[in-house]
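Each chain is listed here by its residues.
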Amino acid sequence: QLLGNQEHIKVELENLKKTYDLQQQKLEERVIAMGKELQEAKAVTGDTQHKLVEQSAMLLTSQSQLQEVEAENSRLQLQLKELNEEYRSRLTQYIKDVADYMDSKASNVAGPSRAPADHAPMKRFVDSMLKDIKASYKSREEQLATAARGYKKRMKNLVKKHENLLIAYGLQREQIRSLGSSTTDCGPAELHFSITDPELLTNTTRELNRLREDKAKLEVQLWELQEVVAGLLALCSREAGGQQLDEDRWAELRKQLREFAHTTQEDLEQERSQLLTRAVVAEEQVSELQEYIDKHLTR
């Protein structure tokens, strides 16, 4: 029967060959099309990266220009203030000169109707007007100074609350870590939430940020050391041929590692707590001195 169906088998083989060639051609066309799409995607990605680099450069340039404009604005505001002071003094002098001139002209006018007791009425009026203007200026300046001091005090209180929250967050992280959780469960380090605005940073805050950065580096080193110790213990276990070490030795080794980590962490936390306490006391003293200066020495 197989010998009798040779022609049919040949026809089927030809059909299968044609189908295979057709599928192979379609596959090659598809590969060529995907290659073109890949090149286009690479080109688009390259253009996007180029645009991103250009935008980053433009952003840096814009930030630099913004800083220059802010400095120029501050300089112009100071110059405007000086010009306002000069204009105010000149205007005051001009008004006084006009009052003196008017009073001198009035004194030279002869006539029986002029009262002898009424001397220099224009000068008295101008002096009274200038006194009122100076009082209004002084009142407005005191209001602005009070508002500025209140704003600075609120900002200092916010910074102090933020520092207290960071301290509480750090203690919470240490408590979570002491319960045996992994480092990833403790959340990011305190340095991640530190204040970076230069206008709000004091010398104490900068020092605290530097200590937090050192603490974060020490935490990373401690985690790496723990990984190395775990790897060494696993290596010792494999080299022992699968034999279990004595339970007492394992317990003693774990105890020593825990004591070393706990002692190091306790020393770091104690030093950090002392520094934070000194920083809080220093901030309170600076706040009291600033308040005394604003209230008494300025007057």
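Residue indices begin from 1 for each chain and proceed along its sequence in written order. Whole-chain, interface and lining totals are the exception, using all residues; otherwise, since this is a predicted model, local features are given only for residues with pLDDT of at least 70 and side-chain atom pairs are given and counted only at 80 or more. Excluding hydrogens and water, the side-chain figures rest on all heavy atoms present in the structure.

Once that is clear, we can look at the overall build of the chain. Within the chain one finds four helices and zero strands. By the criteria applied, helices consist of DSSP H or I runs no shorter than four residues and strands consist of E runs no shorter than two, each listed in order from the N terminus. Ordered by position in the sequence, the α and β elements of the chain form the string α-α-α-α. Counting only residues that meet the buried cut, the chain has 11% of its 299 residues in that class. Put simply, of all contacts in the chain between residues at least 6 apart along the chain, 58% involve residues at least 24 apart. Burial here depends on accessible area, computed with a 1.4 Å probe over protein chains only, as a share of the maximum for the residue type. Under 20% is buried, over 50% is exposed, and the range in between is partly exposed. The contact definition used throughout considers only heavy atoms, calling two residues in contact when any of these lie within 4.5 Å.

Taken together, the side chains of V98, Y101, M102, M122, F125, M129, I133 and Y137 define a hydrophobic patch exposed on the protein surface, amounting to about 740 Å² of accessible area. Sorting elements by how many residues they give to the nonpolar patch places helix α2 (residues 121-178) first, with five residues. The topology assignment puts M102 in helix α1 (residues 6-108). A relative accessible area of 43% places M102 in the partly exposed class. Surface patches are defined over residues having more than 30% relative accessible area and no salt bridge, joining like charges when they lie within 9 Å and nonpolar side chains (Val, Leu, Ile, Met, Phe, Trp, Tyr) when within 5 Å. Exposure was quantified through the Shrake-Rupley algorithm and a 1.4 Å probe, taking into account, for residues, occlusion by the shown protein chains and nothing else. Any Lys or Arg side-chain nitrogen found within 4 Å of a carboxyl oxygen on Asp or Glu counts as a salt bridge.

Let's shift gears to the pattern of salt bridges. Tallying each qualifying case throughout the model produces three salt bridges. One salt bridge in this structure joins R88 and E85, with 3.9 Å as the shortest N-O distance. Highlighted residues: R88 and E85, both in helix α1, separated by three residues, approximately one helical turn. A relative accessible area of 28% places R88 in the partly exposed class. Judged by relative accessible area, E85 falls into the partly exposed class, the value being 38%. A salt bridge links R90 to E86, with the shortest nitrogen-to-oxygen separation between them at 2.8 Å. Taken together, the positions of R90 and E86, both in helix α1 and four residues apart, correspond to about one turn of that helix. With a relative accessible area of 47%, R90 lands in the partly exposed category.

Turning our attention to the packing of aromatic side chains. Pairs were defined over the aromatic rings of Phe, Tyr and Trp, the Trp ring being its six-membered one, requiring ring centres within 6.5 Å. Orientation was assigned from the angle between planes: stacked under 30 degrees, edge-to-face over 60, tilted for the rest. The tally for this structure, following the rule as stated, stands at zero aromatic pairs. Charge over a ring is defined by NZ of Lys or CZ of Arg lying within 6 Å of the ring centre and within 35 degrees of the ring normal. Over the aromatic face of Y137 sits the side chain of R88, whose NZ or CZ is 3.8 Å from the ring centroid.

Its 58 residues give α2 an end-to-end C-alpha distance of 85 Å, which sits within 8% of 86 Å, the value for a rise of 1.5 Å per residue. Listing the buried residues of α2 in full gives V126, L130, V159, E163, L166, Y169, G170, R173, E174 and R177. Between the first and last residue of a helix there are one fewer steps than residues, each counted as 1.5 Å, and that sum is the expected span.

pLDDT gives the predictor's per-residue confidence on a scale running from 0 to 100. Predicted confidence across the chain gives a mean pLDDT of 77, with 81% of residues reaching 70 or more. Looking over the chain, one finds the lowest element-wise mean pLDDT in helix α3 (residues 203-239), namely 72, and the highest in α1, namely 85. Note that pLDDT drops below 50 for residues 112-117; the model gives that stretch three contacts with residues more than four away or on any other chain.

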